[in-house]
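# A closer look at the structure
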Amino acid sequence: MFALILPAVLVVAALLVGPMVLLARISLNQYSATQLMIEATTAQNYLNAVADPYYRSVMGTTLVMAFACTALTLALGFPAAYRLARMESRWKSLVTVLTLIPLLVGNVVRAAGWLGLLGNDGLINATLRGLHVTSAPLQLIYTPGAVAIGTIAVVLPYMILTLSSVIESIPRAVEEAAANLGAGAFTVFRRVVWPLALPGTVAGCVLVFILCMNTYATAVLLGGSQFKMMAPAVYDQFSKGMNWPFGAALAFILLAATLVLTALGTALLGRRYAR
């Protein structure tokens, strides 16, 4: 059995673990304006990132955006996933394909589409001015709301498909039995569907949270230069500041925060499910 999985393990080690180890080593070096970096073994880059109020603010913004987008994606995705899972008509395959289609389009292209909708001369502002609702364009683009909308549009298919696969495994007879015993629709959801779908909810939320924490193109294109999240901040250190050690430290701080919060959330939800 081990011989069968060995090639996959080697590929993962070469393409993922190897670069991560190299990045970890870079994060311990010292920055040099003339030599790019000086080989060293110091945690000063991590200490500078944690002590800097600017990067603490950027991390706070990233966390708030990730939690908010995950919660909104769950609220929007659960009804759609339930409807998809319970469909029995010939249109189910078509609806599933339509749910998958957005995943075939790159994040940059989708963000550009939102620019066309939310921009000062975009479709929404043009419609509002045409209807004489507003005389000046509304500031819809380059706001946290625009970033949230663009991010949710990217991650929503993942949530829907993850939840629908779990809800499909819940026997419809269980819901019908609860309804026959006098439970209303909300009670059936709260006491039957939600507990049984909790493993899929945990998986979907973990996947969506990780994607939201590491969003780049959406944050840059829809948030503008004034809206800062961790992924663009890491890229700026590598490409603009040329401070590779500090950029690597920021990358590992982002990775650590994502892993810790994901593990805590999974443990809490898993404990509740066990009860």
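Residues numbered from 1 in each chain as written. Predicted model: local features only at pLDDT ≥ 70, side-chain atom pairs only at ≥ 80, totals over all residues. Heavy atoms only, no water.

### Some remarks on the environment of N107
Here N107 shows up in helix α5 (residues 107–118). C-alpha separation for the pair N107 and A153, spaced 46 residues apart in sequence, amounts to 9.6 Å. Other than its neighbours up to four places away in sequence, N107 contacts V154 and A217. A polar contact of 3.2 Å, which involves the side chain of N107, links it to the side chain of R110. (Helix = DSSP H or I, 4+ residues; strand = E, 2+ residues; numbered from the N terminus. Contact = heavy atoms within 4.5 Å. Polar contact = N/O pair within 3.5 Å; in protein donor to acceptor, adjacent residues only side chain to side chain.)

### Some remarks on the nonpolar core
Counting 48 residues, the largest nonpolar core has M65, F78, L163, I167 and L250 as its most contacted members. Where this core is concerned, the elements lending two or more residues are α3 (53–86), α5, α7 (144–167), α9 (185–213), α10 (217–223), α11 (230–239) and α12 (244–274). Broken down by element, the residue count for this core peaks at eleven residues, all from α3. Contacts of L163, omitting those with residues within four sequence positions, involve L74, G77, F78, A81, G200 and T201. (Core = buried A, V, L, I, M, F, W, Y, C linked by side-chain atoms within 4.5 Å. Buried < 20%, exposed > 50% of the residue type's maximum accessible area, 1.4 Å probe, protein only.)

### Examining the side chain of N125
Structurally, N125 can be placed in helix α6 (residues 123–130). Overall, the relative accessible area of 0% leaves N125 in the buried class. Residues contacting N125, with those up to four places away along its chain left out, are L118, G119, N120, P137, L138 and L140.

### A short note on the packing of helix α8 (residues 172–180) against α9
Where α8 contacts α9, the two axes come as close as 10 Å, and the packing angle between them is 160 degrees. Classed by the angle they form, the pair α8 and α9 counts as roughly antiparallel. In this structure, the crossing between α8 and α9 has a hand that is right-handed. Here V174, E175, A178 and A179 of α8 lie close against α9, whose contacting residues are V188, V192, V193 and L196. (Axes fitted to C-alpha atoms, helices over the stretch in contact; angles between N-to-C directions. Parallel < 35°, antiparallel > 145°, perpendicular 65-115°, else oblique. Left-handed = near helix turned anticlockwise from the far one by under 90°.)

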